[in-house]
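Analysis of the macromolecular model
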Number of protein chains: 2
Amino acid sequence: MNIVDIPTDSADEQSVGDARLVLGSLVEPGSRRLHELVAAYGPVEALDRLAAGHESGPLAEAAALRLHGRAPAEFAARLRERADRLGVRVVTPESGEWPSRLAELRHISVDGPNPVDRDTYPPQCLWLRGPHRLDDAVERSVSMVGARANTLYGQYAATELGYGLADRGWTVVSGGAYGIDAIAHRAALSAGGLTVAVLACGVDRPYPLSNTALFDQIAEEGLLISEWPPGTAPFKLRFLVRNRVIAALSRGTLLVEAAARSGARQTLRRARQLRRAAMAVPGPITSQASVGCHEELRREPHEPVRLIATVEQVLEEVGGIGELAPVPRGASRPTDALEPVEQQLVDAVPRRGGAYAEQIAADAGVSLRAALAVLPSLALRGHLREHGGGYARPLPARHKP
Amino acid sequence: MNIVDIPTDSADEQSVGDARLVLGSLVEPGSRRLHELVAAYGPVEALDRLAAGHESGPLAEAAALRLHGRAPAEFAARLRERADRLGVRVVTPESGEWPSRLAELRHISVDGPNPVDRDTYPPQCLWLRGPHRLDDAVERSVSMVGARANTLYGQYAATELGYGLADRGWTVVSGGAYGIDAIAHRAALSAGGLTVAVLACGVDRPYPLSNTALFDQIAEEGLLISEWPPGTAPFKLRFLVRNRVIAALSRGTLLVEAAARSGARQTLRRARQLRRAAMAVPGPITSQASVGCHEELRREPHEPVRLIATVEQVLEEVGGIGELAPVPRGASRPTDALEPVEQQLVDAVPRRGGAYAEQIAADAGVSLRAALAVLPSLALRGHLREHGGGYARPLPARHKP
């Protein structure tokens, strides 16, 4: 599917793809200015203008600093050569497997001095490791994010929900971080399901190092993806920039455990801004690691965040018809079928000995006529028994020997 | 304050009061039919019509069965005599200490075959034990309800919140039941605060028996109240009928812990129907005792139930201006004050050795001009240090010996 603003034909495909990946390397992702430049000129001409010095301003200067006088074509060739050597693929908006949901990032940008909030535009390209088509992998997916410093409770919740989603054929998207992210990835893999890790650094050097074995497994069985070219280091702000892609790839984002200041709350915000399902798992009010979840669940009705306690409830938010969650109910009880007047009469029968209908009616606060109409039926159904012209409670059932 | 539909003058006061307490004893509380009768004729004439057989239908028949041929005045005298002997007071809508909030119960009645839903009208009278005026006691009050089968977590939450509310001068209203109710009452008493137990039986024989010591303490330091006259037994449906009074007396109802089928959820429903604050405490998704709370918190935005994790958040719902809850925040960090471009530059400085401004700018993705404008200030503020013509990370602070 072609979702770029400027039409391209297949002859241009290689040059457009090259321009995209060079642009994605010269400029920090999400840039509003770059997005506007590409929307106005198309990727090839936008890159030419930057490289030829026809643009001015901070973006052009920063890009020139990284291009360092090299020709764009040479820069592209070196990026592709390095990626090939590392077994890394690159996809662009013009590629067949580009997820169309990413285009919606164009609509969430808010004006403001903070580039993290202002620069929320779609990626120019994504670098990938793994044996799946990206569009297929995320078609039915849920993002699960949360604290790096998780508790045992968070570990349980992330495992249960991540496993359950993968077990039902849903892909788990997360950020590959220590804590809840890693637990969600692992749970999906344990279920034999698909998981996608969206990194804030090159896919050849996934961060953090302690998750290396996990990243290797994801690269073999799932997908490791990044907006940054191979070799890029994870800077602090890049995690926040990256979060918009975690939110945009999936049908909804689930916050599993988060302290008050957790960065994962920003991913949930992006999901809300994209009008995707925004969900959070509650926890004990005694746990600092759930304070962020509770704050999200306390939002006003116009910014709804849905409380999630079961996998079925996640599917109710993100799934189609036929995947609705059943409302939890306790076990049914023998008296459930009683009408209120029947219940009132049964209650009014003394626990010891019996009583006449008139007394039972008076205690129950119903008319004698109503009592006489109902008491025989209650006896017939075993809720009471006849007793010396009146009624008594049924005898207790004998315990089986 | 006089909130009855029919005006009375002080000469009638005694007879109106007598009529109220007889009506409250002849007919199960909440009755819509009785409410309409009293609204049409006033309490005295309504009672006369019932006693004289001028009314027909199930209500009249049930009332006649309880009156058992006695004159209403005699019936009233015996009720008052018994109450006096037991140290029980009675208040009616015409009494000075009647809480005006109870009148709002007239507006929540819904049509339906189930008397528990149909008969939600205000009490005719309330029987009391305790040294406080009822209207004063509930003016600043919160109802706390929940499961009889609480967990340790529920015990913690109910204690913390009940104590905190009482400690801030708020009265805790509950139902005197085993579990969360009793814990909330005890927590309020521990704080030296006021608590009101609304019973579904006579205040002379509070149920359950295992809470007898608690009821004794409440009767001495708080208030035990009931719509039912002394001597009345607690029938199952009476708990549900009673719940509307728990919800109506206070400014809001807080569900602390509740399984899926907990009757306490009905009290929260009444609070919503009365447009009072409806609140619930979340818990671990692993706990069956929190399933009912989570279901309430999952309601659609048009029936909002607010998640509560702290006493301050309760006060935000029920309190006036100046009692707003602060938004929880983690501890602030030294880098908090950095602008995004500053943070990006700091991140781009290598952890070992140093780098020139041009390299730092390229890695950060900012223009050299911006880097040169900002780097000296970062060094000045100690976020970086100058190093061989470029910049390096600050040296680690020495540990104090």
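This part is about the sheet that holds strand β1 (residues 89-91) of chain A. Residues and elements named next belong to chain A. Strand order in the open sheet formed by 9 strands is β1-β2-β6-β5-β4-β3-β7-β8-β9, with mixed pairing between adjacent strands. One side of each edge strand has no neighbouring strand; the edge strands of this open sheet are β1 and β9 (306-307). With 3 bridges joining them, strand β4 (residues 171-174) and strand β5 (residues 195-199) adopt parallel strand pairing. Within β5, the position partnered with V172 by the bridge is T195. Where helix α7 (residues 152-167) meets the sheet, its contacts fall on β3 (141-145), β4 and β7 (252-255), and the angle it forms with β3 comes to roughly 170°.

We now examine the relation of the copies chain A and chain B. Screw-axis analysis of chain A against chain B gives a translation of 0.0 Å along the axis, an RMSD of 0.0 Å, and a rotation angle of 180°. On the angle and the small slide along the axis, the relation comes out as a two-fold axis. Taken as a fraction of all interface residues of chain A, those also at the interface in chain B reach 100%, which identifies the copy contact as same-surface.

So, about the sheet that holds strand β11 (residues 385-387) of chain B. Residues and elements named next belong to chain B. Strand order in the open sheet formed by 3 strands is β10-β12-β11, with antiparallel pairing between adjacent strands. On the outer flanks of this sheet lie β10 (354-355) and β11, each paired with one strand and no other. Relative to strand β12 (residues 390-392), β10 runs antiparallel, the two being bridged by 2 bridges. Directly across from A355, in β12, lies its bridge partner Y391.

Now for the interface of chain A and chain B. With 53 residues of chain A at the contact, the number on the chain B side is 53 residues. Residue composition of the side of chain A that touches chain B, grouped by class: 32 nonpolar, 9 polar and 12 charged.

With that settled, consider the domain arrangement of chain A. Interface size is commonly expressed as the accessible area that is lost once the parts come together. When the domains of chain A are assigned, the result is domain 1 (125-318) and domain 2 (334-392). Taking only C-alpha atoms into account, the centre of domain 1 of chain A sits 58 Å from that of domain 2 of chain A.

On to the pairing of strand β6 (residues 223-226) of chain B. Residue and element names in this part refer to chain B. Side chains of β6 alternate between two faces, with L223 and I225 and L224 and S226 buried alike. Judged from the 3 bridges that link them, strand β2 (residues 126-129) and β6 form a sheet pairing that is antiparallel. Within β6, the residue paired with R129 across the bridge is L224. Two strands pair when backbone bridges link them, and strand β5 (residues 195-199) and β6 are joined in this way by 4 bridges, in the parallel orientation. Residue pairing across strands places A197 opposite L224, the latter belonging to β6. Since β5 and β6 lie parallel, the crossover through helix α9 (residues 212-221) that links them has a hand, and here it is right-handed.

Each value, and the rule that gives it
Starting afresh in each chain, residues are numbered from 1 along the sequence in its written order. Following the order in which they are written, the chains are lettered starting with A and the ligands numbered starting with 1. Where totals are concerned, whole chains, interfaces and linings use all residues; where local detail is concerned, this predicted model gives features only for residues with pLDDT of at least 70, and gives and counts side-chain atom pairs only at 80 or more. The criterion for strand pairing is that DSSP finds at least two bridges linking the strands in question. Only DSSP runs of H or I with at least four residues qualify as helices, and only runs of E with at least two residues qualify as strands; both kinds are numbered from the N terminus onward. A pair of residues counts as a contact when their C-beta atoms, built from backbone coordinates, are within 7 Å of each other. For helices, the fitted axis covers only the stretch in contact; all axes are lines through C-alpha atoms, and the angles between them, taken along N-to-C directions, range from 0 to 180 degrees. Alignment of copies: least-squares fit on C-alpha atoms of residues with pLDDT of at least 70 in both copies. Asp, Glu, Lys and Arg are counted as charged, while Ala, Val, Leu, Ile, Met, Phe, Trp, Tyr, Cys and Pro are counted as nonpolar; the rest, among them Gly, fall into the polar class. Annotation comment: domain bounds sourced from an automatic or database domain assignment. A residue is called partly exposed when the number of other C-beta atoms within 10 Å of its own lies between 12 and 20, exposed at 12 or fewer, and buried at 20 or more, with C-beta atoms placed from the backbone. Crossovers are described as right-handed under a simple rule: with the strands pointing away from the observer, the path leading from the first strand over the helix to the second runs clockwise.

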